[in-house]
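Given next are the chains, with one letter for each unit.
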Amino acid sequence: MRPGNKLNQSLTDQACQLIEQISDIFMLIDNTGIIVNVNEALEVILGWKPKEIIGSEVEILLSPELRSGHQVYRKNFYEQSQQRDMNELLNLTALHKKGYAVPVDIKLSFVQLGDETYSTAVVRDATKQRKLQKSLEENYQIIKQTLSEKNHLLGIAAHDMRNPIGIIQSYAQILLSADLGPLNDEQKEFLERIKQSSNFTMGLLEDVLDFSSIESGTMTLSKEVFNLNDLFNEIMPANKIYAKEKSIELKLNADSVEGLLIDADKRKLHQVFHNLINNGIKYSSASTKVNINVSKNGKKLVFSVEDHGVGIPKDDLDNLFQAFYRAKNKPTAGEKSTGLGLFITKRIVEAHNGKLFVNSVDGNGSIFSIELPIIKYE
């Protein structure tokens, strides 16, 4: 460190030695922007000898296009010295003596010496950091593009597969209806398996399509005003049949929202409510009860499904809404799961500016609750 005349008495020899040992540039600048002191690291990083710039404005170390702007910045820096965040790190481009740019990180602070206020600047060569940052950004863009292409292809494949699977579903249903003639027990059993497998595959394809749109950021809402009761009239029949097959009592408590009109994406809310009800049945043991409660809380719609099933282990709760995550608890009748249902449910709820909650104890059932700010009319 080469102290200027004004500060010879203010800086001790020991302090100067310590400052000279650091690998970063250390500068002392007065309130007019004049460089008063600088250590030898200046020559290593920017090629200037300290004696060549002491007494010059600090802007001498900046690229020409940055100098005028920095003068304004410097003036504001001193005027707002009491309000500034001293943890702020500046990313600038310095000028090497040979004329080429050097990316630097700068940490500024203030020091009071006698009656004068000075700023200190610690300047670090950020060349390696910038190269690494650029490389990371380029790799991120490559990964982002690859994921986008993957999701696009996944969506195309799932979309194209829906038609043949739908045909299999329809033919299995026609044959099971016996409209084309009676079936023996073995034929019925095979057709039931075909129907169940095609239903599961169709559900998987729908989940993949939703997953693809969510991951690519293309999921949109098609809102409309509809009667909430109509939605539950569509959802409940199939779930009651499913519950009856497992000897589970399915009870809907929605009297307080009778006749309520809401503004939301009906198809997607159908998916959300059906998935949570279906999960409640899927993870409940025979001869238990699943309660569905729907109510208003101010301007929010509150929907919850309470089951008395296997519950969710505590260490699974944090990951429950991740795509393809499978908790340790298993469906009670060996039902299959895609691992996407809760992930999609959460994203749809959040797209409606709502919140999804879960409260569960392993072995003692679960409560999934939704709050949606979608009440429109009464």
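This is a predicted model, so every value here is computed, not measured.

A word on the pattern of salt bridges
Part 1 of the argument: Per the stated rule, a full pass over the model turns up nine salt bridges.
Part 2 of the argument: Across the salt bridge formed by Asp24 and Arg124, the nearest N and O atoms sit 2.8 Å from each other. A residue pair is termed long-range when its members are at least 10 positions apart, and Asp24 in the loop between α1 (13-21) and β1 (25-29) and Arg124 in strand β5 (residues 116-125) qualify at 100 residues.
Part 3 of the argument: Residue Asp24 is classed as buried on the basis of its relative accessible area of 10%.
Part 4 of the argument: With its nearest N and O atoms 2.7 Å apart, the salt bridge here joins Lys97 to Glu52. Residue Lys97 is located in the loop between β3 (89-95) and β4 (101-113), and its partner Glu52 is located in helix α3 (residues 50-53); the two are separated by 45 residues in the primary sequence.
Part 5 of the argument: Residue Lys97 is classed as partly exposed on the basis of its relative accessible area, which comes to 43%.

What about the nonpolar core?
The tendency in soluble globular proteins is for nonpolar side chains to be buried as a group.
Part 1 of the argument: The biggest cluster of nonpolar side chains holds 44 residues, and the ones touching the most others in it are Leu228, Phe273 and Phe303.
Part 2 of the argument: Looking at this core, the elements that each hand over two or more residues are α6 (185-215), α7 (228-245), β8 (261-264), α8 (266-282), β9 (289-297), β10 (300-306), α9 (341-351) and β12 (366-372).
Part 3 of the argument: Residue contributions to this core peak at seven residues, all from α7.
Part 4 of the argument: Phe273 has contacts with Leu228, Leu231, Phe232, Ile235, Leu301, Phe303, Ile370 and Leu372, leaving out every residue within four places of it along the chain.
Part 5 of the argument: Ala41, Leu42, Leu90 and Val102 belong to the second-largest nonpolar core, a separate cluster that totals 22 residues.

What to know about the sheet that holds β1
Part 1 of the argument: Ordered by their spatial adjacency, five strands build an open sheet running β2-β1-β5-β4-β3, and the pairing between neighbours is antiparallel. Both outer strands of the open sheet, β2 (35-38) and β3, are each paired with one neighbouring strand and no more. Averaged over all adjacent pairs, the angle separating strand axes in this sheet is 35°, with direction ignored.
Part 2 of the argument: Pairing geometry for β4 and β5, over ten bridges, is antiparallel. Bridge pairing in β5 links Val104 to Asp125.

Thoughts on the pairing of β12
Part 1 of the argument: Burial analysis of β12 places five of its seven residues in the buried class, which makes it a mostly covered element.
Part 2 of the argument: With six bridges connecting them, β10 and β12 associate as antiparallel partners. Directly across from Val302, in β12, lies its bridge partner Glu371.
Part 3 of the argument: Where strand β11 (residues 355-360) lies against β12, six bridges are found, and the strand directions are antiparallel. Note that in β12 the partner of Leu356 across the bridge is Ile370.
Part 4 of the argument: The hairpin turn running from β11 into β12, its antiparallel successor, is five residues long, and Gly363 in that turn takes a positive phi close to 90°.

Focus on the confidence of the model for the chain
Part 1 of the argument: Put simply, the chain has an average pLDDT of 83, and 90% of its residues get 70 or more.
Part 2 of the argument: Summarising per-element confidence for the chain, the mean pLDDT is lowest in strand β13 (residues 375-377) (58) and highest in β12 (94).
Part 3 of the argument: Between residues 1-6, whose pLDDT stays under 50, and residues either more than four places distant or in other chains, the model counts 21 contacts.

Basis of the calculations
- Residues numbered from 1 in each chain as written.
- Predicted model: local features only at pLDDT ≥ 70, side-chain atom pairs only at ≥ 80, totals over all residues.
- Heavy atoms only, no water.
- Salt bridge = Lys/Arg side-chain N within 4 Å of Asp/Glu carboxyl O.
- Helix = DSSP H or I, 4+ residues; strand = E, 2+ residues; numbered from the N terminus.
- Buried < 20%, exposed > 50% of the residue type's maximum accessible area, 1.4 Å probe, protein only.
- Core = buried A, V, L, I, M, F, W, Y, C linked by side-chain atoms within 4.5 Å.
- Contact = heavy atoms within 4.5 Å.
- Pairing = 2+ DSSP bridges.
- Axes fitted to C-alpha atoms, helices over the stretch in contact; angles between N-to-C directions.
- pLDDT = per-residue confidence, 0-100.

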